[in-house]
Amino acid sequence: MTEFLIPLFAATVQSGTPILYATLGEMMTEKGGVLNLGVEGIMSVAALAAFFVSMSTGSPWLGFLAGGVAGTLMATLHGFVCITCLGNQVVSGLALTILGVGLTNFLGVPYVGQSAPGFTPFDFPLLSSIPYLGDIFFKHDMLVYISFVVPFVFWFFFRRTSLGLHVTATGEMPAAAAAVGLKPVALRYFAVMAGGFLIGLGGAYLSLAYTHLWTNGLSGGRGWIAVALVIFAFWRPGRAVAGAYLFGGVMAFQLRLQAMGTHLPSSLLLMLPYALTVLVLILSAARGRRTDAPAALGTNIEPEG
Amino acid sequence: MLKIRKRDEPWKWGALVIFLGALLFSLGVSALLLAGQGKDALHGLAILWQGSFGSYWALEGALLKAIPLFLCSLGVAVAFRMQIWNIGAEGQFALGAIGATWMALSFPDLPGAVLLPLMFIMAFILGGIWAVIPAVLKLRLRVNEIISTLMLNYIAIQLLDYLVFGVWKDPTSFGFPMSPEFSAGAVIGGIGSSRVHWGLLFSIFAGIGLWALMRFTRVGFELKASGEGARVARYAKIRYGMLVMFVMCLSGGFAGWAGCVETSAVLNRLQPSLMVGYGYTAIVVAWLARLEPLNIAFASFLLAALRVGVENLQLELQIPAAFGAIMEGMILLTVLAGQFFLMYTLERVKRKGE
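The name an unreviewed UniProt entry assigns to chain B is ABC transporter permease, from the organism Pseudodesulfovibrio cashew. Taken from UniProt, the Subcellular location (unreviewed entry) comment for chain B reads in full: "Cell membrane".

Looking at an unreviewed UniProt entry, chain A carries the name ABC transporter permease, with the source organism given as Pseudodesulfovibrio cashew. Quoted verbatim from the Subcellular location (unreviewed entry) field of UniProt, the annotation for chain A is "Cell membrane".

Asker: Is there a simple way to explain the pattern of salt bridges in this structure?
Answerer: Opposite charge on two side chains makes pairing possible when the charged atoms of those side chains draw close. Residues and elements named next belong to chain B. A complete count under the given rule lists 7 salt bridges over all chains for this structure. A salt bridge links lysine 65 to glutamate 311, with the shortest nitrogen-to-oxygen separation between them at 3.2 Å. Within this pair, whereas lysine 65 is found in helix H3 (residues 56-81), its partner glutamate 311 is found in helix H12 (residues 293-317), the two being separated by 246 residues in sequence. A residue is classified by how much of its surface remains accessible, and lysine 65, at 18% relative accessible area, is buried.

Asker: Quick question: what am I supposed to make of the confidence of the model for chain B here?
Answerer: Detailed reading of the predicted model is not advised wherever pLDDT is low. All names here are of chain B. Of the residues in chain B, 99% reach a pLDDT of 70 or more, and the chain-wide mean stands at 90. Looking across chain B, the model is least confident in helix H9 (residues 230-235), with a mean pLDDT of 74, and most confident in helix H4 (residues 89-106), with 96. Reported confidence for the predicted complex is 0.92 by ipTM and 0.92 by pTM.

Asker: It is not clear to me how the domain arrangement of chain B should be interpreted in this structure. Could you clarify?
Answerer: In many reports, interface size means the accessible area that the parts give up when they come together. Residues and elements named next belong to chain B. Taken domain by domain, chain B holds domain 1 (1-39 + 319-353) and domain 2 (65-318). Across the boundary between the two partners, domain 1 contributes 18 residues, which contact 14 residues of domain 2. Interface area for domain 1 against domain 2, summed over the two sides, is near 1,500 Å², with a carbon-plus-sulfur share of 73%. Applying the counting criterion to the domain 1 and domain 2 interface returns 0 salt bridges. For the pair domain 1 and domain 2, the number of links is 3 residue pairs in polar contact (both at pLDDT 80 or more). Of all the secondary-structure elements, those providing two or more residues to the side of domain 1 that touches domain 2 are helix H1 (14-36) and helix H13 (322-338). In terms of residue count, the dominant contributor to the side of domain 1 that touches domain 2 is H13 (8 residues). Here the residues of the side of domain 1 that touches domain 2 are counted per class, giving 14 nonpolar, 2 polar and 2 charged.

Asker: What is the right way to look at the packing of aromatic side chains in this model?
Answerer: Geometrically, a pair of aromatic rings is defined through the distance of the ring centres and the angle of the planes. For the structure shown, the criterion picks out 32 aromatic pairs over all chains. On the numbers, 6.1 Å between centres and 55° between planes, the contact of A:Tyr145 with A:Phe148 is tilted. Here A:Tyr145 pairs with A:Phe148, and both are found in helix H6 (residues 142-160), just 3 residues apart, close to one helical turn. For the pair A:Tyr145 and A:Phe148, a shared accessibility class is recorded, and that class is buried. Residues B:Phe340 and B:Phe341 carry aromatic rings whose centres are separated by 5.3 Å and whose planes lie at 90° to one another, so their mutual orientation is edge-to-face. Judged by relative accessible area, which is 7%, B:Phe340 ranks as buried. An aromatic cluster of three or more residues is present, and its members are A:Phe122, A:Phe124, A:Phe137, A:Phe138, A:Tyr145 and A:Phe148. Taking NZ or CZ as reference, A:Arg222 lies 5.0 Å from the ring centre of A:Tyr210, over its face. The side chain of A:Arg239 reaches across the aromatic face of A:Phe232, ending 5.1 Å from its centre.

Cut-offs used in this document
- Residues numbered from 1 in each chain as written.
- Chains lettered and ligands numbered in written order.
- Predicted model: local features only at pLDDT ≥ 70, side-chain atom pairs only at ≥ 80, totals over all residues.
- Heavy atoms only, no water.
- UniProt positions renumbered as here; feature names shortened; annotations may be inferred.
- Salt bridge = Lys/Arg side-chain N within 4 Å of Asp/Glu carboxyl O.
- Helix = DSSP H or I, 4+ residues; strand = E, 2+ residues; numbered from the N terminus.
- Buried < 20%, exposed > 50% of the residue type's maximum accessible area, 1.4 Å probe, protein only.
- pLDDT = per-residue confidence, 0-100.
- Domains from an automatic or database assignment.
- Contact = heavy atoms within 4.5 Å.
- Buried area = accessible area lost by both parts, 1.4 Å probe.
- Polar contact = N/O pair within 3.5 Å; in protein donor to acceptor, adjacent residues only side chain to side chain.
- Nonpolar A, V, L, I, M, F, W, Y, C, P; charged D, E, K, R; others polar.
- Phe/Tyr/Trp six-rings, centres within 6.5 Å; stacked < 30°, edge-to-face > 60°.
- Lys NZ or Arg CZ within 6 Å of the ring centre and 35° of its normal.

What follows is the structure, given as structure tokens:
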């Protein structure tokens, strides 16, 4: 059984990683009071940007950074439409996804099937020799190890830094935040852009570590799963980790079943992650903790005058 | 220095000006994208125009594509009016196609006068069910309908794949995933000798029906009131839950009809190539049209023409089809940003000492 389970859990961590980055990115955005439904589009564009930069410079690290920057740029567009121009957040996010996926499929055509230098797994010194856990968590690439740290940084940022508290205040009550002298608009831009950076890192993971080949439709709904996971996680980073690995697990499991040649039709297996998303939302709703959402989520700040 | 000032009343012709502005801006960006690909941008735009509006063939194609877009978009708009975010037209479209195929394959010997209504009814029911599931989840468990409708899209597409690769696979298709071709009674015919089919007339009637429902009935009034929010609805003594279910059923049913029309009239069978993203474009259309049925008719035609134009571009300049999605996303984003000017203006304020 362990011959099956250990590789499955290791694969779970790997396929959960891009979802984890994206979930934390969306969580960051929503903490500031902005709903960004463009995650799927941002991830796609970031994956392509990361791939392109890594291929042309030969440096996967620059590629990773480029993914983050591309994510930030896309998110800034959403920020401009919603924060500055007071556009509807839901529709703007959808438009961003349509635009982002379109751009990726348009600009990515010449690279389909090509490969770029990416990140390769290595045994993390000492930790990889822990029985079982070492095999599951510490025989991956560098981006997975970074993703272990990000939730802690996220938690620390929101709990222990004043900037984090200010962002939370903007997401809860922008008017009150403005009254005590904070700048809600600037803080929202910060949340949207920082969130976009993290989402972009998730996209970069797809093209630099998950595969080293460029194909169309690389994000395959992961962006939407990330949006759902933020709700599931009650806007808390710890639960985001659990959620991301849950999905990573289902995706890995589904691939393994297909590879083993089960009699189940592949289309039914491919439904699994999406059906699970609905199930996860039902379960988190059943616990009735909706009050955890930032109170001003989805509402724009009206300018004075 | 510029200062933001709230308008005393909304800008009258603003919506149209913003829409045209957004169109121009997006065309400009598209031209830049073409130039970035090493193509002659002006020539590209000319081909796009030629492909969209420049010939009888193009207009016919646009009208053909506008039919499913119009139906999907009407459905989307009805839900949006109530502030219910039904992003699931794509999946409801697929279920409609499945419903129609189910009837067509079950009763191949029935005459069209009986079989076609059966197909439309089943398409409406299945599309409606696919939309009522998220409605029930929203009402009972407060599950976010944006995510649930969207996930049901992915599930619906896999379901369609499962059917055409499995139980409904045509044994004579040499392994291609497609259902057998429909019998004559299951096919909506063309109008005269054109490619445009009678689904056009059907969707016009459906549109007028929906418009009348919104305009003249109690449901229409309740829908408008509920658009102000669930709390307002409760004050107005509206049975909000029932209304949400009804509206979502209608919304999904219309998308289902679009699926039925496309399968029956255009492909004459069920196959995965049916799914070309009408459900997502419908969201763009509905929003551009400010959720008004008549505007939706124009916007569907416009975006359908754009799709045909992009196909032309694809053929002549080897531009990827995704070019159309970029333009749709751009137009919608620009319109959203521009709507700022409906309620606000920028005023020049003199600084001290100027």
